[in-house]
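Examination of the molecular architecture
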Amino acid sequence: MTRGGVRAVVRRLRGRGGIELKSPGEIEAMRAAGAVVARTLRLLKEHARVGVSTGELDELAEQSIRDAGAVPSFKGYHGFPASICSSVNEQVVHGIPSREQVLAEGDLLSLDCGAILEGWHGDAAVTVPIGAVAEADNRLSAACRAALEAGIDAVRPGGRLTDISHAVESAALAAAAEHGTSYGIVADYGGHGIGTAMHMDPFLPNVGRPGRGPRLVPGMALAVEPMLTAGSEKTEELDDGWTVVTVDRSRAAHWEHSVAVTEDGPLVLTLE
Ligand code: MG
Ligand code: MG
């Protein structure tokens, strides 16, 4: 979701407007959709290597999703032309797969995938090293993944939305400190509610003070998706109208899971 949508969402947060609540049966249906996404991402990870194009990965993804009886949610979304977003190196999110974009040794590839199964959406992303990547890139990806895990841990009934934001930010800062570096935490984009649509209320920032926003209650589902960069947190969109890159062209990582709030705590929906 873009910053453009944030203001509208903030207005609705103030009004405590409707966040879709799912029944336990509907959460199970979302797990089935999430499993299609997880399986597809695993397949893509297995195939993502030097000499393979992101266009080929996109074709594999669409086949995998359709073979499962699901529909790729990205394809045609506001005109997006593919079933996955493939974002290489300084590309943060929303990269367009292409037969011309051939993966090379040392690339850092983020793959984002969404599927609809029986009306329910799953959305997840991983960052994959291509061949031997720089140690700094591995650390960046690991930090982003740790931030995701911390965010997931905060998806708890009784908590507040920005508890998740704060957990993500804190984990990213901690990882950077541990590595004696600093990471940009992208704030132009963030997580979102998910269910009968891919992008629903509420917008979920990846930075912020805890204890704000809607109270988390069982039946909510959220896509948690930190994006970290090795430099500036500032991004810009390329002329293709989609690809988001870091302004300083530093490398970026992106990890995402769709997660439900349950009585027992967080339930990750995008697992096999
Ligand atoms: Mg996604
Ligand atoms: Mg998402």
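Before reading further, recall that the structure is shown in the block above.
Quick summary incoming for the structure in this document. (Residues numbered from 1 in each chain as written. Chains lettered and ligands numbered in written order. Predicted model: local features only at pLDDT ≥ 70, side-chain atom pairs only at ≥ 80, totals over all residues. Heavy atoms only, no water.)

Right, let's get into the coordination of the magnesium ion (ligand 2). Taken together, Asp123 (OD), His192 (NE2), Glu225 (OE) and Glu256 (OE) make up the full set of protein donors to the magnesium ion (ligand 2), lying 2.1 to 2.2 Å away. For the magnesium ion (ligand 2), all donor residues lie on one chain, and their spacing in sequence is D-x68-H-x32-E-x30-E. Taken as a pair, the magnesium ion (ligand 2) and the magnesium ion (ligand 1) lie 3.2 Å from each other and share aspartate 123 as a ligand. Of the two residues, aspartate 123 sits in strand E5 (residues 120-129) while glutamate 256 sits in the loop between strand E13 (252-254) and strand E14 (257-262), which places them 133 residues apart along the sequence. Both residues of the pair, aspartate 123 and glutamate 256, count as buried. (Donors = N, O, S within 2.8 Å, 3.2 Å for Na, K, Ca; no water. Helix = DSSP H or I, 4+ residues; strand = E, 2+ residues; numbered from the N terminus. Buried < 20%, exposed > 50% of the residue type's maximum accessible area, 1.4 Å probe, protein only.)

Moving on, we get to the sheet that holds strand E9 (residues 221-224). The strand order across the open sheet formed by five strands is E8-E7-E9-E14-E15, and the pairing between neighbours is antiparallel. With one partner strand each, in any of the chains shown, strand E8 (200-204) and strand E15 (265-268) form the two edges of the open sheet. Across the sheet, the mean angle separating the axes of adjacent strands is 30° when strand polarity is ignored. Here three bridges tie strand E7 (residues 191-193) to E8, and the two strands are oriented antiparallel to one another. Across the sheet, glycine 193 pairs through a bridge with methionine 200, a residue of E8. (Pairing = 2+ DSSP bridges. Axes fitted to C-alpha atoms, helices over the stretch in contact; angles between N-to-C directions.)

So, on to the coordination of the magnesium ion (ligand 1). With distances of 2.0 to 2.6 Å, the protein atoms coordinating the magnesium ion (ligand 1) are Asp112 (OD), Asp112 (OD), Asp123 (OD) and Glu256 (OE). Going along the chain, you hit the donors of the magnesium ion (ligand 1) in the pattern D-x10-D-x132-E. Overall, aspartate 112 belongs to the buried group, its relative accessible area being 7%.

Quick look at the nonpolar core now. Core analysis: the largest hydrophobic core is formed by 54 residues, its most contacted members being Leu41, Leu57, Leu109, Leu111, Ile164, Val224 and Leu228. Take this core: its biggest share by element is eight residues, from helix H5 (residues 161-178). Once you skip the residues sitting within four places of it in the chain, leucine 228 turns out to touch Leu140, Ala143, Cys144, Ala172, Tyr183, Gly184, Ile185, Arg251, Ala252 and Ala253. (Core = buried A, V, L, I, M, F, W, Y, C linked by side-chain atoms within 4.5 Å. Contact = heavy atoms within 4.5 Å.)

The subject of this paragraph is helix H3 (residues 54-67). Here H3 spans 20 Å end to end across 14 residues, near enough to the 20 Å set by a 1.5 Å rise per residue. Those residues of H3 lying buried are Thr54, Gly55, Leu57, Asp58, Ala61, Glu62, Ser64 and Ile65. Considering only its buried residues, H3 is in contact with helix H2 (24-47), strand E1 (71-72), strand E2 (84-88) and strand E4 (108-117). (Expected span 1.5 Å × (residues − 1).)

A few words now on the pattern of salt bridges. Under the definition given, this model contains 10 salt bridges. Put simply, glutamate 233 and lysine 234 hold a salt bridge, and the shortest N to O gap is 4.0 Å. Within the structure, one salt-bridge network assembled from shared partners comprises Arg42, Glu46 and Glu272. (Salt bridge = Lys/Arg side-chain N within 4 Å of Asp/Glu carboxyl O.)

The next thing to look at is the packing of H2 against H3. In the contact formed by H2 and H3, the axes pass within 9 Å of each other and the chain directions differ by 150°. Considering their axes alone, H2 and H3 lie roughly antiparallel with respect to each other. As H2 packs across H3, the resulting crossing turns out to be right-handed. Where H2 approaches H3, its residues Val36, Thr40, Leu43, Leu44 and His47 are matched on the opposing element by Leu57, Leu60, Ala61, Ser64 and Ile65. (Parallel < 35°, antiparallel > 145°, perpendicular 65-115°, else oblique. Left-handed = near helix turned anticlockwise from the far one by under 90°.)

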